[in-house]
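# Fold and contact review
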Amino acid sequence: MPKSILKCAKCGRYTLKQTCDCSGKPLDPRPAKFSIEDKWGKFRRIAKKNDI
Ligand SMILES: [Zn+2]
């Protein structure tokens with residue numbers, strides 16, 4: 001299973017390589033700052049702090 005899939009900014013194809021066949025630069029298609037794990041980690045820390 002691939003660690004992360006990238007989408008070429010130039011041709012729009014998905015690739016796992018750092019450089020696309022079209023010589024474009026593939027980027028992570030997901031928003032960089034979005035993370036479900038961090039979101040729930042924050043809730044867990046609050047819950048732990050409040051001893052719920
Ligand atoms: Zn490309």
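Residues numbered from 1 in each chain as written. Predicted model: local features only at pLDDT ≥ 70, side-chain atom pairs only at ≥ 80, totals over all residues.

## Focus on the overall build of the chain
Formally: Helical segments are the DSSP runs of H or I of at least four residues, strand segments are the runs of E of at least two, and each set is numbered from the N terminus.
Secondary structure assignment for the chain yields one helix and three strands. Going from N to C terminus, the chain has its helices and strands arranged as β-β-β-α.

## As for unusual backbone geometry
Note: most peptide bonds trans; most residues except glycine with negative phi. Even without being glycine, Ser-23 reaches a positive phi, approximately 75°. Checked against the element boundaries, Ser-23 lands in the loop between β2 (14-15) and β3 (26-27).

## Quick word on the sheet that holds β3
Which entries qualify depends on this criterion: At least two bridges found by DSSP between two strands are what make those strands a pair.
Overall, antiparallel pairing links the three strands, which are arranged β2-β1-β3 in an open sheet. Because the sheet does not close on itself, it has two edges, and the strands there are β2 and β3. As paired strands, strand β1 (residues 6-8) and β3 are joined by two bridges and run antiparallel to one another. Of the residues in β3, the one forming a bridge with Lys-7 is Leu-27.

## A closer look at the environment of Cys-22
Just so we agree on the cut-off: Think of it this way: build a C-beta for each residue from its backbone, and any pair within 7 Å is a contact.
Here Cys-22 is to be found in the loop between β2 and β3. C-alpha of Cys-22 to C-alpha of Cys-8: the two residues are 14 residues apart in sequence and 8.7 Å apart in space. Cys-22 has contacts with Cys-8, Lys-10 and Cys-11, leaving out every residue within four places of it along the chain.

## With respect to the environment of Ser-23
The condition is simple: Field definition: a residue is buried when 20 or more other C-beta atoms are found within 10 Å of its C-beta, exposed when 12 or fewer are, and partly exposed for counts in between, with C-beta atoms placed from the backbone.
Classification of Ser-23 by C-beta neighbours within 10 Å gives exposed; the count is 9. For Ser-23 and Cys-8, which are 15 residues apart along the polypeptide, the C-alpha to C-alpha distance reads 9.1 Å.

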